[in-house]
Every structure is written in C-alpha cells, then in structure tokens.
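As a plain string of letters, each chain reads:
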Amino acid sequence: METSHTLAALTSQLLVGLSRAMILFIVSSGLSFILGVLRVPNVAHGSLYMIGAFAAHTIATAFDGSVAAFWLAMFCAPLIVAGISLIAERLLFCHLYEREHLMLLLFTFALMLILGDLTKMTWGADYRSIVAPPFLQGSIPVLGTAFPRYNLFLLLVGPLVAVGLWLISAKTKFGKIARAAAVDREMVGAIGINVSWVFAFAFVLGCLLAGLGGALVSPTISITLGMDHSIIIEAFLIVTIGGLGNIWGAMVGSLIFGITQSVGVMVLPQFAIVFPYLAVVVILTLKPTGLLKSVW
Amino acid sequence: MKREGYVSFGLFLIAGICALAVLLPAPVEARNIKVGIVDTYSGPPAVFGNDALNGFKMAVNEINKQGVLGGKIEFVTRDDKFKVDIGLNMAKELVLKENVDLIVGTVNSGLALAVSDAVAKKEKIPFITWMGKSENITGKAGHRYVFSTTENTAMAGKAAANVLSKKPYKKIWVAGDDYEYGHALDESFSRYMKQLKPDVEFIGKTWWKVGEPDLVPYFTSIQSANPDLIHFCTGGASMANVLKTIKTTGISQKIPVYIHTAIDYAVLKPLGTEAPEGVMGTMDYLFYYPELSTNQKFVKEYQALYKAPPGFPAFHAYTTAYLIAEAFRIAGKIDREKFIDAIEGLKVDTPVGKVEMRACDHQAVYPMLFGTTKISKEFGAAIATDIITLRGAEVMPACEEIQAARK
Amino acid sequence: MIKDILRTPSFLWTAAVLLALLLVPFFAGRFYVYILAVVFVTGLLAMSLNLLVGHGGAYQFHHCVFYGVGAYTAGLILAKTSLPAWLGLCAGPLAAALTGLVIGAFCVRLNKLYFGMLQISLGSLIWIVALRWYDLTNGDDGIHGIPMPELLSGSVNAYYFLLIIVSACLALMYLILKSPFGATLRAVRDNPQRCEAVGIDVRRHQLLAIVIGTFFAGVAGVLFVVLEGSVFPDMLFWVLSLEIFIMCLLGGWFTFFGPMLGAAIMVALRTFVGSYTDYWTLILGVVLILLIFFLPEGIMGVNFRSWQRRRERRRSADDVR
C-alpha cells in the first residue's frame, strides 16, 4: 500500500513536471534558436511570452469566452507577438547585428523594459485569468491520482512543437540557411543570400514560440505583469545547460528543469525551486558548454 | 585654458546651479493633513490596493465636506509592486521628501513590518496598516507608532479554530506563500487549533515562493498525502492563483479547504463564475451580511461610485479615514504625538457599527465571519453562505498576551 | 606616480567635487542627503563593475550577486549574531571576494558569452537560495532593522561614512588602474592572444581582477546595509545586474568616473521621474536604446573620445614639425 501510494504520487509529480517542461521547452527553444542563429541573448523573450498571455486573454474573452475564441486565441496570440517582434527587428534590431554581444544584450534588455511598460499601458496593472475550454477542464485519474486535463494537453502539444521546429530547422531551405548563417554569416552573404532577411525570419520565429508558450500557459496561471522576469531566467538557464542554439538541448534542459522542480516538491517542498538551479550548476561544472553540442 | 576646459567648466557651473536649485528647501505650504499611501497597484494584489484606495477616497470626500482642523485631508499614493524594497523606498520618500503626516497602506505584511521598523519607529511617524494582516505587526513587533485597521492573523486563526475544531478534521496540511503573512497565518491557526483540539496533527507544510506561477505540482503532491483538511496560507500575490488551481484540480471537492479571506468579495469577484465552490474562509467584512441599514447605505454609495460592491479593503480604508479625521479633531492640531494619544482607544462609527482602536496594542477590534463559498447567480460571482459570526471579544488576543509577546 | 596625479587638472576637479559633497548636509534637506548617499553606494557598485567590464573586458553578467553576498553577510552577522559590528562590516567584502573567486574560477575557463551565461547560472543559484531559505534570510521579506553602531546611524553620519569609504575605494581603484597591473588588464581586454604570446597569464589576471572587482562590490553591499539597515533578495536579482550595466554605459565605459556619473543619473531619474509617472522603466528603456544607437561610449565617453582625438592630433602635428 505504501509503495504503490508513493509510486502513484511520484508518477503524478513526474507528469506534472513533464507538462511544465513542455511550456519551458516552447519558450526556451525560441530563445535558443535566436541565440543560435543571431548570437543574441534575447532578454525580451520573457516580455513576449507575457504579451502572448495577455493577447490570448483579450482574444479569448472577446467573444464571450466561447470555445472557438479560446482556439482562436491560441492561434492568433503568437502571431501578434510575431508581428511585434518583426517591427522591433526591422526598425531597430537589424542595425545592431555588427555590434558586440554586450550591446545586443543591453538592447534586448531595453526592449524588455519598454515592452513591460507598454503591456502595463495596454492592459493595465490588474491580473487576468482565462479558462480552458470545458473538455480540457477538470482532471482524469492517472494511476490513482488526479491529473489535470489541460496538463495532458500540454504533454501532447510540446512534442508536436518540437517536431515542427526540427522539421523547419533540418528539412526546410530556410532552416538550413539559418544554421549556415549561424556558423558563418559572411559566407552565406557572399553566396548571394540576403542574410538580413534570414535573421529577421529567425528572430520572428523564435519570438513566435515565446508568444505560443505564453498563450498556452495562460489557462494555468494568473496572467500578470512580472511574468517576464520569472520565465526569462529559467529559459536562459535551460538554454545554457542544453547547449547554446541547440533545440534538442532546449528539450533536455526543459525536462531537467521541469522534473527536478516537480519531484523536488515531493521530496523537499521548501527548496523545490532550488533543485533546477542546483542541477544547472552541476551540469555546467562538468560540461561548461552545455550537455549537447552548441551550434557555434 | 583650452576651449574644452571652458566647456567643462560651463557644464560644471550649470550642474552646480541646478543642484543648488534642487537642494535648497522648498517653501512651506498651507496646512492640510497629508496622508501617504504605500500600497500595491500592479499585479494580482492590485485588486486589494484599488479597493482600499476607493474606500479611502470615498471617505475622504465625505470628510472634506466638513473639513478637519480648518483644512482638508489630502493624500498621495505610491505603488510598491508588492516588493518590500520598493515599498520601503517609497515610504522613506514620502516621509523625507513629501513630508506626509502619516503613512497608511501596505497589503504586504512583510513590507508592513519593514515600514513599521525602519520608518515609523525610526522617524516617529504614525503608520496605519489597513491590509497587512500579520499579527506580529501589532503583536511582538508592535510599538507606539504602528497601528492596524485590518483584522489580523491571530483573530482569523482563532475564529477559524473555533469553528474547525468542532469538525472531524485530524490531519491537517499547511500550504502557502513563503513570507511573513503566510507564516503568521500558519502560526496563529496552528496555535489555536492545538489549544482547542489537542489531538490535531499537522502532517506537512509546503511553502512556495511569493508569486509562484505554477502551483499544480504542489497541489498534486498535497493531494497524494491525503490530509483531512488543507489550510492555505496565501496572501495577495497568490490568492487568485490558488483559487484558480483549486478549481482546475478540483481539490476542494475531495479534501476540505480553508483559506483566510477566501470569502472576501474583492477576491472572488475577478474570478466570476469560475471561482471554486465549497471553500471555507474567514473575513471581517461582507457587503451583503449582516443586513444592516448602515452597511447597505455604504454599499450603495460605493457601488454608485465604483460600479461594484466593496470588499474588506474598502471597508478598512473607509474606517481608517474616519479614525484619522476624528483623532486629529480630538488632538486639536496636526501633531504626531497628540494624534497617537487621541487615536488610542478611539471608537468610530462604521458601516457595521462602532469599531474601536484598542489602546493596548493599536489593533482595531472587528468581528469575524466564517463562511463557505457558493456561486451566486445574482452577483455573477461567489459569495459566502452558512455564515457563522464571532464577536470581536471572542477573537481578539488578550492584552496580556500582547504585552508578553512584545518583551 | 602619486605626485604626478596630484598635479593633473582632473585631480583639482575631483577635490572640488569632494569638498562640495562634504558641505552638502549643511545646506540640503534630509531626503537629498539620503539620495546622495544612495548614489555613492550605487556608484561604487557600478565602478566595481566597470573595473571588470570596461577596463578588463570580462562578461560580468551577474555582478550584483557579489553586492548581495556582501550585504547579506554583513546583515546576517549584525542582525542574528552578537559578534562585534566591525567584524560584520569587514566580513561582507571578504565574503563577496571569496564568492567572486569561486565563481570566477569556474568562469575564466570560458570565453565571452559562456563566461556570462555561466555566471548568471551560478549567481542565480545564490539568489534562489537567499530567496528560499526563509529561516536564515527571511526570504522575500528581507531582513530589516539591522542594528548599526551609534557612530554610523542617522542619515548624516551614514552619509559621511559612505563618502569617506567610497572616496577611499575610488582612490584605490584609480591607483590599481594606473599601476602596471591595470595596464596589463587593459592589454588583456584588447588582445588576449597577444598577451598570451608575450607570456602573460591571461586567466590569472582575469581572476585577480574579478576578485578585486567583487571585493569592491561587497563593500558597496555593506555600505547599503549601513545606509538602509535592510537587505533584500532583489539585491541578487539579475535585473539589478543589467541595471548596473546601464549605468556604466550611460556614464562611459572607458573613463574612470563614467559609471559614477551614470549611477547618479539613474538614481536621480528613478527617484524624481519615478514619483511623477508609473512608467519610469519605459523611459529608461528608451534612454538605453538611444544610448546604444547614438552614444555607446556614454556621456563622459564623448568628452573622452574628443579629448583623445585632439591629443592625438596635437601629437601628430608635433611629429610633423
């Protein structure tokens, strides 16, 4: 009785950790992609995640909270975020690619500050809440414990995004060019490809993923200002332990992050949130460049 | 000197003149009573901050019709973003630069303690917390310059323990925000439960960081432990999240849940019909109960101004404004020490009857209401049902307890 | 060397400013004395970062961790133990330097971006422990009412103490930068490969620079505790690290006093603009973007560059003759 009880508890925690890892993966894969292709640590990534959540709320509640509105929100919010990132990229970002990393980092930090306040101006300082469609609400019994249905949905979406991203990166022309540009942008430019547009697409794709993460996570949390600060540090750490620019590394990192925290809750709740950070330190001590190969 | 030297000197001179203009003290203005409000106006706790500000504004408008000591009450607000360091800076700025006569506010109990110690006690300026509920504020950390016009965790814990000790709950799990308020809630409730029901067992404690976005892993873990009752010790930052997660995991349908302030309208209104039902909670003010004509009048006026009925923050802030006005009137002048002498033991009329600012610990005396959430079609949100009332005298900690704790 | 420094015009300017600062409490209200003291602390922190980044070229992305470690060490010793106050105040910078050494040892093995990312990771671990270890650090609430010796309490006393210590630290930093070690540091920043070729141990120099920089950051942290009597976990949060970067950028990377000026401007903006609008961070972001595009060398950098160019022109004119 004791063992099966603990086993059930462990399974439940693992599943919850996995579903959380999916959100982390979607967000950090975008960050990793941008880092890999543009060599830019995009601090504003968290802000775009937050805007994705707010935008999802606005769309989902616009039509009286119907089910169709929810799916429309899931589809459109990332696109809105992508649009915002495209504007930022074409107006400001593209002029800075020649500068050193530090300047780019500070630029994205400035962007984070600006987007944060623009979010406050647009949506106000109150928190928002949206609800998943009825068939995704409630929980289903898994091995004796109740597992929220929405988290199950996340467990399905995550791998889909991963596969989709891999297909784009490995199988499409754009993906191949992007990976080449990451390694040697001058060469890519020399053979006649418009590197500037490659970078623009890569940036927009990465930000779209941030928006998608924000939209998907919104039914499970309170949508509030400050979401940007908390997600970005986690995303950065995941990208660092996964290998800079490596999408599968982002998956591995997210899994480590999500599961260590979730199981940590069972083992030592007070310091549950410390376990992912400890894991990061251990991994980086042994392999400072990350678990999987960095793109550059 | 070369030309760049002249330029540098010129810049230095300009900077010096600007500095002098800024540093020289400003002329003294005409004398209104200036109240500095430090509260949270962004993020989930903004629900409380805004409600309180509305209640305060309504009261101040009423009071200013007559005026106080020949002048009016004016106020400035500062957003602390629920962070102690920002709030403390704001409080210092209000005292040192804006020259306020007293400070009010702070939904964040950690900030309330910090302001009480670093600003109120140090600068000898009265500080009234109208929402920071930790009993330590007027209890062991209390002193001459800090007051509370909100119910505190001792009162809530005693009220809840009074009701819940009569129920068959033996194994209790505690979960909440890892900060002053969360821990104070736990300590008070556990203390009084053990007194009333010695065989109660607290089988586990889970503390998450303030504002933790993802609570699901904590909930599933608690569910696996299968307690008889869960005591959620959650404050402004996580309250909405906790209630939402209760609904999505359906935990309250399997395990009874008790949360202080869960039945407050300011908390339940934003969740609308998505609020969880069957959650037990305590509160000192409900706009629909008891049905007193004074309360109904207050609610009607508030609703006319702000389109929604008031929650406890509005009630506390309203009471605070009247306490401030009356205390200054009795004091006869805008003097901090005289104000404190006047407010100790002062009783004012509030929408639910007379409320006393107890002299021995500077804590306002309120009754406590215990109820269970249920969706009301009339209000489009959840309200409390099966309400049990406990009078102030039943729930206040004794003055001797306070004196002992302060030593 | 010292005699040469005393004769330069910039020393006279510095002495004048110092004199003005000594006299401020006689004229200004308490609030402005307090704000100036905040500028001193923040400025010292920014200067310590610039030592590493501007002069050393290191990707010190999470510098405020050392500031926080210094502050928490001093705060914990003063608040929770009955050890003498001076012990706590001295322990702060030492703890910070030790942390700097440990983290630095991890980071110097790597280059550039990896250095920065690793530092963020290790620094964040310290942050999260400080935040979550409620029994030790009071977590999110922070520690308040930290007792200070009589000599240092009160706004005016604290102001003078901070002024003295910060001036001493700055003088020390200046001497370090003017010394051969400083020259090596700048050489390592500009061309590490050439330095290796010449036989300089790049890693060791960087590590030594890190220890010095983090020591000063720890001093800043201790001074914060003296001034405010509190510590907060946000002192270790990554946003503060980036804000310090902005101060250096704003004031000027390659100049000596640049970061101090940047800190002064940031604190002034935050205090005075912040009391008028809720959107102060928006303004900060816009200012930062303008800086990046139009003034990457900061305010003092402009003067510095044009001064440098004029000096070179004069020299080359002399050569021609």
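A quick note: this is a predicted structure, and the numbers were derived from the prediction, not measured. (Residues numbered from 1 in each chain as written. Chains lettered and ligands numbered in written order. Predicted model: local features only at pLDDT ≥ 70, side-chain atom pairs only at ≥ 80, totals over all residues. Heavy atoms only, no water.)

Scanning chain A from N- to C-terminus turns up eleven helices and two strands. Traced from its N-terminal end to its C-terminal end, chain A shows the element sequence α-α-α-α-β-β-α-α-α-α-α-α-α. Dimensions of chain A along its principal axes, counting C-alpha atoms only, are 65 × 50 × 35 Å. Looking at the 296 residues of chain A, the share that counts as buried comes to 61%. Looking at chain A alone, contacts between residues at least 24 apart form 76% of all its contacts between residues at least 6 apart. Counting every atom, chain A has about 10,700 Å² of accessible surface; 73% of that belongs to carbon and sulfur. Taken as two groups, the 14 positive and 11 negative side-chain charges of chain A have centres that lie 10 Å from each other. (Helix = DSSP H or I, 4+ residues; strand = E, 2+ residues; numbered from the N terminus. Buried < 20%, exposed > 50% of the residue type's maximum accessible area, 1.4 Å probe, protein only. Contact = heavy atoms within 4.5 Å. Areas by Shrake-Rupley, 256 points an atom, 1.4 Å probe, with all protein chains shown as cover. Lys, Arg positive; Asp, Glu negative; His and termini not counted. Charge placed at Lys NZ, Arg CZ, Asp CG, Glu CD.)

Facing 29 residues of chain B, the contacting portion of chain C comprises 25 residues. Residues Arg132(C) and Asp178(B) are paired through a salt bridge, measuring 2.8 Å at the closest nitrogen-oxygen approach. Elements supplying a minimum of two residues to the side of chain B that touches chain C: helix 1 (3–23), helix 3 (84–96), helix 4 (109–123), helix 6 (180–196) and strand 7 (201–208) of chain B. Considering each element in turn, the side of chain B that touches chain C owes the most residues, seven residues, to helix 3 of chain B. Residues of the side of chain B that touches chain C, tallied by class, amount to 13 nonpolar, four polar and twelve charged. (Salt bridge = Lys/Arg side-chain N within 4 Å of Asp/Glu carboxyl O. Nonpolar A, V, L, I, M, F, W, Y, C, P; charged D, E, K, R; others polar.)

All right, on to the pattern of salt bridges then. All names here are of chain B. Summed over all chains, the structure comprises 29 salt bridges over all chains. Ionic pairing is found between Lys170 and Asp199, a salt bridge with its closest N-O pair at 3.9 Å. Placement of the pair is Lys170 in the loop between helix 5 (153–164) and strand 6 (171–177) and Asp199 in the loop between helix 6 and strand 7, with a sequence separation of 29 residues. Looking at Lys170, the relative accessible area reads 40%, which means it is partly exposed. Look at Asp199 and you get partly exposed, because its relative accessible area is 42%. Because the salt bridges share partners, they merge into one network encompassing Lys34, Arg78, Glu93, Lys97 and Glu98.

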